[in-house]
Amino acid sequence: MKTDNSDKIKRLYVSDTDKKIAGVCGGIAEYFSIDPTLVRLAWIIITFGSGVLPGCAAYIIAIIIMPKHVIYVQEPHVPRA
């Protein structure tokens, strides 16, 4: 019987904490648990290696389709006097 959260589905989100432009590379880095600088560097190399337009278009598409990570915080119940 499993008691840990290993069955939890891992989701790809735009990063709220590690962003330079829109958080796409930071979100990819969080998903794969790697350094975001490596993801940014790889993105730049791939973008300039394939032509600037495809890389920029892919980044814009990623901004549009990647959801923001929304964390709902429930406020504590305060009884009224």
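On a predicted model such as this, the values are computed, not experimentally measured, just so you know. (Residues numbered from 1 in each chain as written. Predicted model: local features only at pLDDT ≥ 70, side-chain atom pairs only at ≥ 80, totals over all residues. Heavy atoms only, no water.)

Considering the environment of I63
So, point 1. You can see I63 is positioned in helix α3 (residues 52-65).
So, point 2. Filtering out sequence-adjacent residues up to four positions away, I63 remains in contact with A22 and V24. (Helix = DSSP H or I, 4+ residues; strand = E, 2+ residues; numbered from the N terminus. Contact = heavy atoms within 4.5 Å.)

So, the packing of helix α2 (residues 36-50) against α3
So, point 1. In contact at an axis separation of 5 Å, α2 and α3 are set at 135° when each is read in the N-to-C sense. One finds that α2 runs oblique with respect to α3. Along its contact with α2, which presents W43, T47, F48 and S50, the element α3 presents V52, P54, G55, C56, A58 and Y59.
So, point 2. Residues belonging to the contact of α2 with α3 are distributed by class as follows: seven nonpolar, three polar and no charged. (Axes fitted to C-alpha atoms, helices over the stretch in contact; angles between N-to-C directions. Parallel < 35°, antiparallel > 145°, perpendicular 65-115°, else oblique. Nonpolar A, V, L, I, M, F, W, Y, C, P; charged D, E, K, R; others polar.)

Digging into α2
So, point 1. Taking 1.5 Å per residue as the helical rise, α2 with its 15 residues ought to reach 21 Å, and the 21 Å between its terminal C-alpha atoms agrees with that figure.
So, point 2. Buried within α2 we find P36, V39, R40 and T47. In a view along the axis of α2, the buried residues occupy a sector of 100°, so they form one face of it. For α2, the exposed residues lying more than 90 degrees away from the buried face are L38, I45, I46, F48 and G49. (Expected span 1.5 Å × (residues − 1). Buried < 20%, exposed > 50% of the residue type's maximum accessible area, 1.4 Å probe, protein only. Arc of directions from axis to C-beta.)

Describing the packing of aromatic side chains
So, point 1. Tallied over the entire structure, the rule returns two aromatic pairs.
So, point 2. Aromatic pair W43 and Y59: ring centres 5.5 Å apart, planes at 80°, arrangement edge-to-face. With W43 in helix α2 and Y59 in helix α3, the pair connects residues that are 16 residues apart, well separated along the chain.
So, point 3. Given a relative accessible area of 24%, W43 falls into the partly exposed group.
So, point 4. For Y59, a relative accessible area of 13% corresponds to the buried category.
So, point 5. Looking at K10, its charged tip hangs above the ring of Y31, at a distance of 5.1 Å from the centre. (Phe/Tyr/Trp six-rings, centres within 6.5 Å; stacked < 30°, edge-to-face > 60°. Lys NZ or Arg CZ within 6 Å of the ring centre and 35° of its normal.)

Shape descriptors only; they carry no functional weight alone.
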